[in-house]
Amino acid sequence: MARTPSPVAAIVEHSTAREAQVIDIFKNIQSTLDATPHLLRLGRLFSETVLIDVDGHEFYLTFEKGRIISVAEGPSRKTPWQFALRTDAEALEKFWQARPEPGFHDVFGLVKIGRGRIDGDILSLVKNLRFFKEVLGLARTRQELAA
């Protein structure tokens with residue numbers, strides 16, 4: 001008699017696939033960033049680790065002089081981070097659409113509509129806001145080219 005998979009197993013499998021997709025997007029952002037001179041110039045003074053928390057799954061982006069040198073999956077209590085963007089997967093998918101709807105167009109827009117939260121050193125984020133927003137927006141560029 002064949003056993004049907006449990007709902008918990010389906011959720012775990014789905015979340016693992018979603019995590020892999022997010023990691024792939026961050027890797028694509030990493031390669032696109034290396035080919036974007038104006039962003040490298042903007043971020044040349046930014047050398048920090050940023051936590052991106054998507055539905056409780058942690059991803060650490062480590063920047064060195066404006067380049068992403070590492071994309072690591074968490075959780076890790078040993079990885080210090082400067083600031084964190086916490087959101088849900090659906091909001092992040094809407095954020096990465098080629099033309100996001102209002103509220104999903106910006107990091108602070110996610111916070112304003114209650115779909116995101118920023119923790120940590122907010123001053124570090126604000127000092128590098130344009131760089132950080134444009135880096136996260138690089139996933140949109142790839143979708144615009146695909147469309």
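Our subject is the structure that appears above.
Residues numbered from 1 in each chain as written. Predicted model: local features only at pLDDT ≥ 70, side-chain atom pairs only at ≥ 80, totals over all residues. Heavy atoms only, no water.

Engineer: Whenever I open this one, the pattern of salt bridges confuses me. Can you help?
Structural biologist: Where charged atoms from two side chains of opposite charge come close, those side chains can pair. Within the structure shown, the criterion is met by nine salt bridges. The residue E90 makes a salt bridge to R115 at a minimum N-O spacing of 3.7 Å. Here E90, found in helix 3 (residues 89-95), pairs with R115, found in the loop between helix 4 (107-112) and strand 5 (116-120); they are 25 residues apart in sequence, far enough to count as distant. Residue R115 is classed as partly exposed on the basis of its relative accessible area of 23%. Shared partners join several salt bridges into a network, and the residues in it are D53, R86, R117 and D119. (Salt bridge = Lys/Arg side-chain N within 4 Å of Asp/Glu carboxyl O. Helix = DSSP H or I, 4+ residues; strand = E, 2+ residues; numbered from the N terminus. Buried < 20%, exposed > 50% of the residue type's maximum accessible area, 1.4 Å probe, protein only.)

Engineer: Just to check I follow, could you spell out the environment of Q30 for this structure?
Structural biologist: With respect to the helices, strands and loops of the structure, Q30 is situated in helix 1 (residues 7-34). Between the C-alpha atom of Q30 and that of L61, which follows or precedes it by 31 residues, the distance is 9.4 Å.

Engineer: Just to check I follow, could you spell out unusual backbone geometry for this structure?
Structural biologist: Trans is the prevailing form of peptide bonds, just as negative phi is the prevailing case for residues other than glycine. That bond from G74 to P75 is cis: its omega, 5°, falls within 30 degrees of zero. With respect to the helices, strands and loops of the structure, P75 is situated in the loop between strand 3 (67-73) and strand 4 (83-87). Of note, the phi angle at D55 is positive, near 55°, even though the residue is not glycine. Tracing the backbone through its elements, the reader meets D55 in the loop between strand 1 (49-54) and strand 2 (57-64). Its relative accessible area of 43% is what places D55 among the partly exposed residues. Not every positive phi belongs to a glycine, and K65 is a case in point at roughly 55°. Looking at the secondary structure, you find K65 in the loop between strand 2 and strand 3.

Note that all results are geometric; they support no functional claim without further evidence.
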